[in-house]
Amino acid sequence: MSSSPVTALDAAATPELDGAARLPAANSRSFAAMIAVQALNAFNDNFVKILLIAFALSVAQGTYIGDNMQLLLGAIFSFPYIFFAPVAGWLSDRYSKQQVIFWMQIMQVGVFGLFLGSLALQQPHLSLVLSLVCFFLLATQAAFFSPAKLGIAKELVGSKRLGSASGILQLTNFAGILSGMALAGWWFGQRLDAGLDPWQAVWTPMVCVSALAVAQVFGSMLIMRTPVHAEISFHRRIWLEHFSHLKLLWSQRPLMLAAIGVTYFWFITYTISAILVIWCHESFPDKADASRALSTLSLMLGAGVIPGSFLASIICRRRLELGLVPLAGFAMALSLFWGGMMPFSPWLHLAMVGVGMAGGAFMSPLYAFVQDRAKPEERARILSAMNLMDSIGGVVANLVVVNIMIHLGLKAGAQILVLVPLALGAAIFITKLLPRSLLMIIGRAIVIAMYRLRSHHEERTPEKGSLLLLPNHTSYTDALMIGATCERKFRFVILESLYEIKAIQWALKVFGTVPISPVRAKDAIRTVADALKAEQAVVLFPEGQLTRNGYLNQINKGYELMARMGGDVKVQPVWIDGLWGSVFSFDQGRFFTKRPRTFRYAVSTWYGHPIPAREATVERMRQEILALAAEAFAARAIVQKRPGYTTPEGRKLTEQEARITQLNTLRVLHTALIWKDDSLLCLLPATHPLHATFTTGLPDHQDVTIFTRAEDVQVQEGKKLVVIGDTARLTAFTPPQGAFVVHVLETADFPAGVNNLPEVPKALYDAATGALLTLSTPHPEMPAGEEGLQVGHKTGSAGHFLPSLAMRAEGGDLVFGAILPGNASETHVVLPGAKLDDMGFVFPGA
């Protein structure tokens, strides 16, 4: 095949495209050009089809060819898809798909030249016969063009964006079909109404569409050159390889099932189209009225496909969502039932829009799945085999199903109702095939409705190989956050006791969760290790419990043995940020039964770099998770507007004071120090760096009552009093019974100040920056039998480090980082000789 004048560029490899934040400019340009060319190609085909139907009725009404032009064109258009399917598939597999697209546009220009020549004869019968021959050539061009346009999509956008690309392709394809159908009939009618004869009325539209075809040639030249597969040779048997292509497709069960789904869509579409013809003639004795009604209903059906395909492209913009297929299947069954029950009215039109929308959402992910899964050297032949199946489905719909139902004497509405059990059965069957995908898309929809979810560094997650993810555990929705932001299929480790809850057993089995029992630790380790040996990705919450104090709690060591026993395993730290405060967290001292602080929480997931199992010690993983937490906090704190704080004493804080007050407040809010409607007594001097945090910043975000004098304190019944003060003021203060008192110490007082007050809860701050570093909180309420697994303060400690700070051990000291996020230079605070225990509490060294 000779070359077209196009820049010889190879399409970027799929992994490179998937890893890129944005498509390369050449790929974006090429995809846009391909979309435009295929939409105009669909426009031209349908424009000419409707134009010929209207023209034939005008010049040859009463003759066989004039009265049956619509049926003849429909039959002619299907034949090339059946007869030439193997050769069309071979051509796009063997040669660059861009080249196939280019030469098919050249062919289209030639066919339109023949069309113009046949019309120039101005002999009704001969011109129409030659037009049918030309239309057969046009259908042949479309049959060869189809595998190339579908197959090139993945080579241009990669796997990650293929779902969205497929939706855009189907949307623009149907837009071209509908606009071509609508414009041709309207334009021809307008020219007739203007007093032109049919030969004059048809000539200008045909010249214009021929000029449009020339423009498509130049558009195809903007598409980048895709790879050639020279190893695929031609042989004469290819002309008869229909069944070998079908065998190739059917030998790969996932692709076969997807192809059957697409054929089912076209079968339903063709059947409904035929039923609508019957319905219109039943409802309107006048042929003109019946034709107008049919045009309107067909337009409604096609118009529904456009938003359905657009919806699919939006939903699949980050990943291919096969769960959309069963949902759309049920929507199609419901729309068909609605349409069958309605009289001929606007309600029927609306039902057809519903059928079209469901169909667009149904087929787009399936097309994308086939394009993604098919091997590059087989993709076009597989797509050609799908075209063959679709055409056969159309023939079956028109020649068998509709005729049988007519023979049975069924009215049009009843014929549509006959399709409902088929559609419902198909939806149920697809649900059984894709239960996990269905649950995932429902789960993601819930997440999107309740949270503003963002993902960071998900490209760090390996696509293949044994992987153990270790996220923090803040809420009951943590697993959904992982599933909604990472494309890889995961198995989640859960407690075996959850399998006893019958209501969720089915979902747990569908997701392939890994059940473990705390009383059979060896079995639990072996179960997870076996999953890792099978090169699966497993999510394990290493804390083994939901946090009840807002902190990152003790990381259990069991994962180390699981990872080492699992073979070549990578361990990936993950931080889920923003869920503390949601109804599914223990904020306010309870799960579920509380009002969230805000609607649609801003939540983000942060994926760290995978670490080899032998290096993934508890200390290393804690440090990596905390680094992600600090990065997440920095991103959250930087985007939040810095408020202009004014203290209770009437002093307006400087910008620097307001900034550190905001940071300290956000850090305190991520702990269990104080709940809604509690009271807080601040005994820090007004000049103290933390005074504004507890008297101004905290009440700005949390509904608490603030006091600065002990004699003014009032506490609501059932609520607690928290007292914050320095040692000097707290020494002379006698707290009320039940009050939780925190002694605030400066880092310069460490370790002496801690050792002098071993029994009391403490907090540390850095005087130079005013940053709060550690905090003690009340002990959280724990379930029976789990007392002591999480605590808010410890005897002899300086408090728990705040999870928004980076932390590392260095030369026997503890180094706090990420103190002032957003600053040009990083600020560190060093606690000489300090140690961090397993729970995250800071202690003086021995």
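Every value quoted in this text rests on a predicted model; they were computed, and no experiment measured them.

Calculation criteria
Residues numbered from 1 in each chain as written. Predicted model: local features only at pLDDT ≥ 70, side-chain atom pairs only at ≥ 80, totals over all residues. Heavy atoms only, no water. Helix = DSSP H or I, 4+ residues; strand = E, 2+ residues; numbered from the N terminus. Buried < 20%, exposed > 50% of the residue type's maximum accessible area, 1.4 Å probe, protein only. Contact = heavy atoms within 4.5 Å. Areas by Shrake-Rupley, 256 points an atom, 1.4 Å probe, with all protein chains shown as cover. Patch = residues over 30% accessible without salt bridge, like charges linked within 9 Å, V, L, I, M, F, W, Y side chains within 5 Å. Salt bridge = Lys/Arg side-chain N within 4 Å of Asp/Glu carboxyl O. Pairing = 2+ DSSP bridges. Axes fitted to C-alpha atoms, helices over the stretch in contact; angles between N-to-C directions. Parallel < 35°, antiparallel > 145°, perpendicular 65-115°, else oblique. Left-handed = near helix turned anticlockwise from the far one by under 90°. Nonpolar A, V, L, I, M, F, W, Y, C, P; charged D, E, K, R; others polar. Core = buried A, V, L, I, M, F, W, Y, C linked by side-chain atoms within 4.5 Å. Phe/Tyr/Trp six-rings, centres within 6.5 Å; stacked < 30°, edge-to-face > 60°. Expected span 1.5 Å × (residues − 1). pLDDT = per-residue confidence, 0-100. Polar contact = N/O pair within 3.5 Å; in protein donor to acceptor, adjacent residues only side chain to side chain.

Turning to the overall build of the protein, a few remarks are in order. Helix and strand counts for the protein come out as 26 helices and 20 strands. When the backbone C-alpha atoms are referred to their principal axes, the protein occupies close to 115 × 55 × 50 Å. Buried residues in the protein amount to 56% of all 846 residues. Put simply, 76% of the contacts in the protein that link residues at least 6 apart link residues at least 24 apart. In the structure as shown, the protein presents an accessible area of about 35,800 Å², 61% of it carried by carbon and sulfur atoms.

Turning to a nonpolar patch on the surface, a few remarks are in order. A contiguous nonpolar patch, built from Leu495, Leu498, Ile501 and Ile504 and spanning about 290 Å² of accessible area, is present on the exposed surface. Mapped onto the secondary structure, Leu495 falls in strand β3 (residues 490-495). On the accessibility criterion, Leu495 (43% relative accessible area) is partly exposed.

Most of strand β12 (residues 740-746) is tucked away, with 6 of its 7 residues classed as buried. Both strand β11 (residues 721-726) and β12 contribute to a ladder of 5 bridges, which runs parallel. By the bridge assignment, Gly725 is partnered in β12 with His743. Relative to strand β13 (residues 762-766), β12 is paired through 4 bridges, and the arrangement is parallel. Following the sheet pairing, Glu746 is matched in β13 by Tyr765.

Turning our attention to the packing of helix α5 (residues 85-94) against helix α7 (residues 124-157). Axis separation between α5 and α7 bottoms out at 8 Å; the angle between their running directions is 45 degrees. One finds that α5 runs oblique with respect to α7. Here the hand of the crossing between α5 and α7 comes out right-handed. Here α5 contributes Val87, Ala88, Gly89, Leu91 and Ser92 to the contact with α7, which in turn contributes Ala143, Phe144, Pro147 and Ala148. Along the lines of polarity and charge, the residues of the contact of α5 with α7 split into 7 nonpolar, 2 polar and no charged.

Nonpolar side chains in soluble globular proteins generally cluster together in the buried interior. One finds Met34, Ile272, Leu336, Met352 and Phe362 to be the most contacted residues of the largest nonpolar core, which totals 96 residues. With 15 residues, helix α11 (residues 253-283) is the single largest residue contributor to this core. Once you skip the residues sitting within four places of it in the chain, Ile272 turns out to touch Leu301, Leu336, Met352, Val355 and Leu419. Judged by nonpolar contacts, the second largest core, of 75 residues, contains Val493, Ala613, Met621 and Leu663.

Strand order in the open sheet formed by 7 strands is β10-β9-β11-β12-β13-β14-β15, with mixed pairing between adjacent strands. Edge positions in the sheet fall to β10 (705-707) and β15 (800-801), since each has one partner strand and no second.

The next point concerns the sheet that holds strand β18 (residues 829-831). With antiparallel pairing, the 3 strands of this open sheet are ordered in space as β16-β17-β18. The open sheet has two free edges, formed respectively by β16 (806-810) and β18, since each of these has just one partner strand. Across the sheet, the mean angle from the axis of one strand to that of its neighbour is 25 degrees, orientation sign disregarded. Pairing analysis gives 3 bridges linking strand β17 (residues 813-817) to β18, with the strands arranged antiparallel. Paired with Val815 across the two strands is Val830, which belongs to β18.

Most of strand β6 (residues 570-577) sits inside the fold, with 7 of its 8 residues counted as buried. Pairing of β6 with strand β7 (residues 601-607), which is carried by 4 bridges, proceeds in the antiparallel orientation. Bridge pairing in β7 places Trp575 opposite Trp606.

Among the structural elements, Arg29 can be located in helix α2 (residues 25-59). Owing to a relative accessible area of 39%, Arg29 belongs among the partly exposed residues under this scheme.

This brings us to the environment of Pro147. Within the secondary structure, Pro147 sits in helix α7. Of the residues examined, Pro147 reaches a relative accessible area of 0% and is grouped as buried. Spatially, the C-alpha atom of Pro147 lies 9.3 Å from that of Ala385, the residues being 238 residues apart in sequence.

With that settled, consider the environment of Ile82. The residue Ile82 is located in helix α4 (residues 69-83) in this model. The buried category is assigned to Ile82, whose relative accessible area is 17%. A C-alpha to C-alpha distance of 86 Å links Ile82 and Leu683, two positions 601 residues apart in sequence.

Our focus in this paragraph is the packing of aromatic side chains. Summed over all chains, the structure comprises 16 aromatic pairs. Relative to Phe135, the ring of Phe77 lies with its centre 5.7 Å away and its plane at 40 degrees, an arrangement referred to as tilted. A residue pair is termed long-range when its members are at least 10 positions apart, and Phe77 in helix α4 and Phe135 in helix α7 qualify at 58 residues. On the basis of relative accessible area, Phe77 is assigned to the partly exposed category, the value being 23%. Classification of Phe135 by relative accessible area gives buried; the value is 0%. Where Trp90 meets Tyr95, the ring centres are 5.9 Å apart and the plane angle is 90 degrees; that geometry is what we call edge-to-face.

On to helix α14 (residues 346-373). In this model, α14 (28 residues) spans 41 Å end to end at C-alpha, consistent with the 40 Å of a helix rising 1.5 Å per residue. With respect to burial, α14 is a largely interior element, 22 of its 28 residues being buried.

Another aspect to go through is the side chain of Gln141. Mapped onto the elements, Gln141 comes out in helix α7. Gln141 gets classed as buried once you look at its relative accessible area, which sits at 0%.

Turning our attention to unusual backbone geometry. Cis geometry is adopted by the peptide bond preceding Pro751, which originates at Phe750 and carries an omega value of 10 degrees. Structurally, Pro751 can be placed in the loop between β12 and α26 (752-756). Non-glycine residue His457 carries a positive phi angle of around 65 degrees. Residue position: His457 is located in the loop between β1 (451-456) and β2 (467-471).

Now for the confidence of the model for the protein. Averaged over all residues, the pLDDT of the protein is 84; the fraction at 70 or higher stands at 94%. Within the protein, the lowest mean pLDDT, 66, falls on helix α1 (residues 14-19), and the highest, 95, falls on β6. pLDDT under 50 marks residues 1-13. Its contacts with residues more than four places away, or in other chains, come to 36 contacts.

The next thing to look at is the packing of α2 against α4. Where α2 contacts α4, the axes come no closer than 9 Å and their chain directions differ by 150 degrees. Taken as axis vectors, α2 and α4 run roughly antiparallel relative to one another. Between α2 and α4 lies a crossing of right-handed hand. Seen from α2, the contacting residues are Asp45, Lys49, Leu52, Ile53 and Ala56; seen from α4, they are Met69, Gln70, Leu73 and Phe77. Across the contact of α2 with α4, the residue classes break down as 6 nonpolar, 1 polar and 2 charged.

Summarising the element assignment, Thr695 is placed in helix α24 (residues 691-701). Among the residues examined, Thr695 registers a relative accessible area of 7% and is labelled buried. Of the polar contacts made by the side chain of Thr695, one reaches the backbone oxygen of His691; its length is 2.7 Å. A distance of 3.4 Å separates the side chain of Thr695 from the side chain of Thr696, its partner in a polar contact. Beyond its immediate sequence surroundings of up to four residues, Thr695 is in contact with Pro648, Cys682, Ile706 and Thr708.

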